[in-house]
Structures are given as C-alpha cells and as structure tokens.
Amino acid sequence: MADRERSSTRPGGRVFVARTQVMDRDEVRRALVRIAHEIVERNRGLRDVVVIGIQKGGVPLAERLVAILREIEGTAVPFGTMDVAFYRDDIGMRPVLPEEVTDLPFDLTGRTVVLFDDVLFTGRTVRAALESLAERGRASAVQLAVMIDRGHRELPIRPDFVGKNLPTRRDELVEVAEDAVTIGDLIGAGKDMGTR
Amino acid sequence: MRAPGTSTSTGVSPDEAGNEIGAAWASGVPEAAGAGSPVAGEDLLVGHRAPAVRHLLSIADLGRDGILEIMRLSDAFAEVAERPIPKVPALRGRTVATVFMEPSTRTRLSFETAAKRLSADVMTFTASTSAAVKGESLRDTVETIDAMGIDAMVIRHHASGAPLRVTDWVGASVINAGDGTHEHPTQALLDCYTIREALTARRDGAVPADMSGLRVAIVGDIKHSRVARSNVLAFAALGADVVLVAPPTLMPASLEGWPVTATGDLDSTLGGLDVIYLLRIQSERLGEVLLPSLDEYHWRYGLTRARADALKRDALIMHPGPMIRGVEISPEVADMPASLVTRQVRNGVVVRMAVLFHLLGSGVM
C-alpha cells in the first residue's frame, strides 16, 4: 500500500500534517470486528484460514484481527507477517527498503490466506505480496482485507473485506493508527529521500 | 579473502605500501559517499529521476551509518536465505558483471550467488580466459564490458586503486572486491555482520548497537592485507578496540592515523580478546624473506590449541579464508565451535546481496 511506504520513507524535511480524523478508536475496533465476522461467514468457519499482516501498517491490525477471531470462534488462527520490499515493481524508482521481518511459520499449501494491510491505494503492494506468496506454496485462496480503501488503483485488485471506503485526492496521505484514521498532507519541500 | 597462489605484488615497495595505508585511511573517496549523501529526489507520484551512480570502493565510503544500514539490510536477506526458494525479484532486469583480474573463486562465486538470488543477470569476466591475456588494457576491458549495458561492476585487481580509476571509465556502480593491498570492503562488512550475528545469538536475540566494548585482534600479514585494512576501518567505525598483531616484517611501516594499537606479542594479547581475526599467511610471499619459515610463524603467531585455551571462553575466532591449517591456525582449532569461518562464508552471500541492493535497488541514491 503506497501510502504506508510514503509515510515510512518520509523525506527528512517533510512532515505529515493531519487534517481530518475519519475514524476514531471505536470505529476502528468495530470495523475490525465486522471484518472478522465477514471472514468467518465467507469461509464458513476458520478451517485452514491463516492471517498475514503486510509490514508495517498491516501487522498490528492483523494481530488484532486474529485476537478477535479467537474470541468469536474460539480458534487460534495461524498468524504471519510479510515484508514485500524485494517484490516491488518500483525498485530503483524510489526508496525501497525492507521495513520489518517476514515471518511465515506455516506452509501455505492448501490454506486460505487472508492478507491484511492498513490502506489499499494503487494496489502495487498487494501485487508484490501475491508474487511473494506464490513462491511459498499454493494457497487454495487468497483474500484481501484492508482498513481503508482510498481508491486510485493502478492494477486490477479489489479487496474482499473493507473497513471503510474513503475517497481521497491522490496527493493526500492516509494514516492508520491504533486509535484513529486521519487524512492529511505531506508538508515541506525536503530533498533528502534517504531512509534515516 | 585471497585465493591461494594469488600474487599480491602491487609494484610498490613495502615502504610505499606502508604510506599508502595511511593515505587510504585519510582520504576515503568522497564522491562515492553513498550512504550518507542527501539525495535530490522527488515523490514517487511525481516520477522517476535518474539517481546518481554510487560505488563501494572503501569502507570509508560507508562510514558508521552506512555500515549499520548494510547490517540491517543483511538481516532481511538472511531471512530470504532461509526460505525454500531463497531468491527474490528485487534486481530483476539488472546486470552485474564480475571482473576478476586476479585469481579468486570464493569471492567471485559469493558475489555471483548474491546477484542471482536478487534475480539479476550475471556476466563473468576472468582475466585468464579473456582478452586481457592478449594485452588489452584495463580501461579497454572495462569500457567494453560497460558498453554491453551493465548496472554494477564487481572488480578485483592486483593494483591498489584500480577500482577508483574504473569509476572514471564506466557508468555502472563499481564495487571493489579487493584491490592490491588497499581494501576489500565487502569482506569487512561480512565480518562485522558475522560478529553482530554471534553477539545477537549470545544475547537472546538482542541486536548490539555496534562493536563498542569489544577488543579485536587482527593477526598476521597486516602489511600486505587489504582485508586487514578494511576491517580496521570497519571495526573502528563501529567502536571496537583494535589491536594489530604481527612480526615486525609484516607490520606496516607506519600506523600513523590508524585507530589501532600494535604489538608483536600474541601471547600476552590473548586473554583480553573478544575476537581474534587471523589473516592468511601468503606463502607465495616467503620469497621476500619476510618470514624465516611457516613453522616458525605457526610457533609464534599461529592459533594453536594452547593459545585457543588462553582465550576467553566466549571469544570468537575468525578467518577470511582460505585457511592454511597448520600455519595461521591449527586444524583442531579451525573446527572448534568458537570458529565462525563457515558462518563468514554463508554471511558473505547475504551481505553482498545487501550491498548490491543498497547500491542498485534501494533507490536511496
């Protein structure tokens, strides 16, 4: 999800300035609970379901989703994390660096994978994640859950579970935190695209 | 890492070689200061802007921050190496040429494996099978290879400074894989990574910030060793306390400007060491009568069982390879658990993946 990369590789001189809060803590929680129920309903239970959070923004949300699934179904769903930096198609065009660990402690073959990311934007992160998944086994199905779908897709990718559809301008930035979703702008004309 | 039988003659006298050491430490290569340099870039939505070409010629190009960044990046590639398919498409469509004007097997294979695991294409040039033996100049050789369209050139050359000259002639990123008695930066990076990995395992997964508090001895032919030079720079940049141990004939003429201490007495040094780093004794150099004999060297400077027992219990034993058992290290010590030699080789691929990705793929150019 491009927003996440933009926010995480924020050039030195620039800062994210929040303009509007679009979801509060309760709304984020309710959206997660609803998505959890939708996942159970769609898959008629949680048999063979695994949840994978996309680094970095998708991971804490995916962890919460797993906890909610355990509450409502009594099932401990296997959980993994994935960093897709090395699978991106824009390497060399912009700063691309791995953010966090990939940890998939299970075989994907025959599983139903629920990929979770915080914001769905161009779809390029999800494309990269699908390529990485394909190298690790043949999942029987891959489903996509996102907290925010902000539009502006550049690839034919559609989410299965959405916390909130949020119309945005292309140059806006959406930030998903544990207790709020905010929309804002990247301010400042920093030149340093370095990662430090 | 020198291949056996490699001549390291650089055409400079020992004294000149000594001076050259200090010069290399002082100067660095500012143009290639990749890691810390600010970049005029634009947002991904605005579009692609051709990045400046970056090189890795010396550890001084990276500095402390650059070294630490390579370490972090290496962690990600270490995870890749554990996968059923230990390969990622990160450098798909890029071409890496390895240009080895001096015999080497392991460094070249390590770089080529790293490039292939990043899905880059690899072009191999070795002096023995090339037009170089027909008298083609280095400049013509590298310009020809560059003209085929490459993104990085990994070069080993018997002359110190050759990779720096090559940066004037080619448009590709140049990576120094060992130049004369100057530097071998990726060896130092993989050594730092191996030490970091060993310390992390010892501390239940807590990654140390750097090497401060560690006392490291580098033992052997310091004077002619590009590995020693790069490792001194890297270990010192990370805060280690470095001591060089060598007979006077194998110690540089001057250590001025080096952040090290030096001694000829290995035995009195052993007890305080956290890491002992052994260099290969290049027996091809014995003709210069720098050593009375290999047996004598082993007796005074070899890591024997008795010396290994005098080390701290958790001291790490390292060697860049190829090891000559019975000279710088005795066979039983080479196989002790404290010996990290095989980890060094394994980490070589991982760290070189990080270097290639850092220069070609991270976009932080």
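This is a predicted model, so every value here is computed, not measured.

J.: If you had to explain the overall build of chain A to someone new, which residues and values would you point to?
T.: The number of helices and strands found in chain A is four helices and eight strands. Helices and strands in chain A line up, N terminus first, as α-β-α-β-α-β-β-α-β-β-β-β. Of all 196 residues assigned to chain A, the portion counted as buried reaches 56%. The long-range fraction of contacts in chain A, counting pairs at least 24 apart against all pairs at least 6 apart in sequence, stands at 74%. If you sum the accessible surface of chain A, you get close to 8300 Å²; carbon and sulfur atoms cover 48% of it.

J.: Which residues make up the overall build of chain B, and what values go with them?
T.: A count of helical and extended segments in chain B gives eleven helices and nine strands. Counted over contacts in chain B with a minimum sequence separation of 6, partners at least 24 positions apart contribute 76%. Accessible surface for chain B amounts to roughly 13700 Å². Of this, 54% is attributable to carbon and sulfur atoms.

J.: Tell me about the sheet that holds strand β2 (residues 121-126) of chain B, residues and numbers included.
T.: Residues and elements named next belong to chain B. With respect to topology, four strands assemble into an open sheet ordered β2-β1-β3-β4, the strand pairing being parallel. Bordering the open sheet on either side are β2 and β4 (173-179), each of which pairs with just one other strand. Averaged over all neighbouring strand pairs, the angle between strand axes comes to 15 degrees, with direction disregarded. Relative to strand β3 (residues 152-157), strand β1 (residues 95-100) runs parallel, the two sharing five bridges. In the sheet register, Val99 faces β3, and the bridge partner there is Ile155. The strands touched by helix α5 (residues 162-169) within the sheet are β3 and β4, with β4 carrying the most contacts at an inclination of about 160 degrees.

J.: Could you give me a rundown of the environment of B:Tyr193, with the residues and numbers involved?
T.: Residue and element names in this part refer to chain B. Within the secondary structure, Tyr193 sits in helix α6 (residues 185-202). Each C-alpha atom, one on Tyr193 and one on Leu214, is 14 Å from the other, the two residues being 21 residues apart in sequence. When near neighbours in sequence (up to four residues on either side) are disregarded, Tyr193 contacts Met71, Ser74, Asp75, Ala78, Asn347, Val350 and Val351.

J.: I'd like a description of the pattern of salt bridges, backed by residues and values.
T.: In the structure shown here, the tally under the stated rule is 36 salt bridges over all chains. As a salt-bridge pair, A:Asp90 and A:Arg88 come within 3.0 Å of each other at their nearest N and O atoms. Here the two residues A:Asp90 and A:Arg88 agree in accessibility, since each one is buried. Residue B:Arg108 pairs with B:Glu112 through a salt bridge whose shortest N-O separation is 3.5 Å. Here the residue B:Arg108 and the residue B:Glu112 both occupy positions in helix α3 (residues 106-117), the gap between them amounting to four residues, near one helical turn. Across this residue pair, the class does not change: B:Arg108 and B:Glu112 are buried. Connected through salt bridges with shared partners, the residues A:Asp89, A:Arg124, A:Arg127, A:Glu131, A:Glu154, A:Arg170 and B:Arg92 form a single ionic network.

J.: Please set out the pairing of strand β8 (residues 180-187) of chain A residue by residue, giving values where relevant.
T.: Residue and element names in this part refer to chain A. Counting buried residues along β8, seven of its eight residues qualify, which places the element largely inside the surrounding structure. Note that strand β1 (residues 15-24) and β8 share eight bridges and pair antiparallel. Residue Thr20 lies in a different strand from β8, and its bridge partner there is Ile183. Bridge count for strand β7 (residues 173-176) against β8 is four bridges, and the pairing is antiparallel. Bridge pairing links Val174 to Ile183 in β8. Taking the residues between adjacent antiparallel strands as the criterion, β7 and β8 are bridged by three residues.

J.: Kindly report on the side chain of B:Thr186, identifying the contributing residues and their values.
T.: All names here are of chain B. Position of Thr186 among the secondary structure elements: in helix α6. Exposure remark for Thr186: the relative accessible area of 0% places this residue in the buried category. Of the polar contacts made by the side chain of Thr186, one reaches the side chain of Arg352; its length is 3.2 Å. Those residues in contact with Thr186 that sit more than four places away from it in its chain are Leu56, Phe111, Ile175, Val351, Arg352 and Val355.

J.: Please provide a residue-by-residue account of the confidence of the model for chain B, values included.
T.: All names here are of chain B. Here chain B averages 84 in pLDDT, while 82% of its residues score no lower than 70. Here residues 1-51 scores under 50 on pLDDT; set against residues more than four positions off or in separate chains, the count is 102 contacts. Here the complex is predicted with pTM 0.82, and the ipTM for its interfaces comes to 0.76.

J.: Before we move on, could you go through the confidence of the model for chain A and cite the residues and values that matter?
T.: Residue and element names in this part refer to chain A. Here chain A shows a mean pLDDT of 88. Residues at 70 or above account for 89%. Contacts for the low-pLDDT stretch residues 1-9, under 50 throughout, to residues beyond four places or in other chains number 39 contacts. A low-confidence stretch, residues 190-196 (pLDDT under 50), is modelled with 23 contacts involving residues beyond four sequence positions or located in other chains.

J.: Could you give an account of the environment of A:Glu100, with specific residues and numbers?
T.: Residue and element names in this part refer to chain A. As for its position among the elements, Glu100 is in the loop between β3 (79-82) and β4 (112-120). Among the residues examined, Glu100 registers a relative accessible area of 37% and is labelled partly exposed. As a C-alpha pair, Glu100 and Asp83 span 17 residues in sequence and 6.2 Å in three-dimensional space. Every residue in contact with Glu100, bar those within four places of it in the chain, is listed here: Gln55, Lys56 and Asp83.

J.: Give me the domain arrangement of chain B: which residues, what numbers.
T.: Residues and elements named next belong to chain B. For chain B, the assigned domains read domain 1 (41-183 + 346-361) and domain 2 (186-344). Centre-to-centre, using C-alpha coordinates, domain 1 lies 26 Å away from domain 2. Tallying the contact residues gives 33 residues for domain 1 and 28 residues for domain 2. For the pair domain 1 and domain 2, the summed buried area comes to about 2400 Å², and 57% of that belongs to carbon and sulfur atoms. Run the count over domain 1 and domain 2 and you get four salt bridges. Residues Arg346 and Glu197 are paired through a salt bridge, measuring 3.8 Å at the closest nitrogen-oxygen approach. Here domain 1 and domain 2 share 17 residue pairs in polar contact (both at pLDDT 80 or more) between them. Looking at the side of domain 1 that touches domain 2, the elements that each hand over two or more residues are α2 (63-81), α3, β3, β4 and α11 (341-361). Residue composition of the side of domain 1 that touches domain 2, grouped by class: 14 nonpolar, nine polar and ten charged.

Criteria and cut-off values
- Residues numbered from 1 in each chain as written.
- Chains lettered and ligands numbered in written order.
- Predicted model: local features only at pLDDT ≥ 70, side-chain atom pairs only at ≥ 80, totals over all residues.
- Heavy atoms only, no water.
- Helix = DSSP H or I, 4+ residues; strand = E, 2+ residues; numbered from the N terminus.
- Buried < 20%, exposed > 50% of the residue type's maximum accessible area, 1.4 Å probe, protein only.
- Contact = heavy atoms within 4.5 Å.
- Areas by Shrake-Rupley, 256 points an atom, 1.4 Å probe, with all protein chains shown as cover.
- Pairing = 2+ DSSP bridges.
- Axes fitted to C-alpha atoms, helices over the stretch in contact; angles between N-to-C directions.
- Salt bridge = Lys/Arg side-chain N within 4 Å of Asp/Glu carboxyl O.
- Polar contact = N/O pair within 3.5 Å; in protein donor to acceptor, adjacent residues only side chain to side chain.
- pLDDT = per-residue confidence, 0-100.
- Domains from an automatic or database assignment.
- Buried area = accessible area lost by both parts, 1.4 Å probe.
- Nonpolar A, V, L, I, M, F, W, Y, C, P; charged D, E, K, R; others polar.

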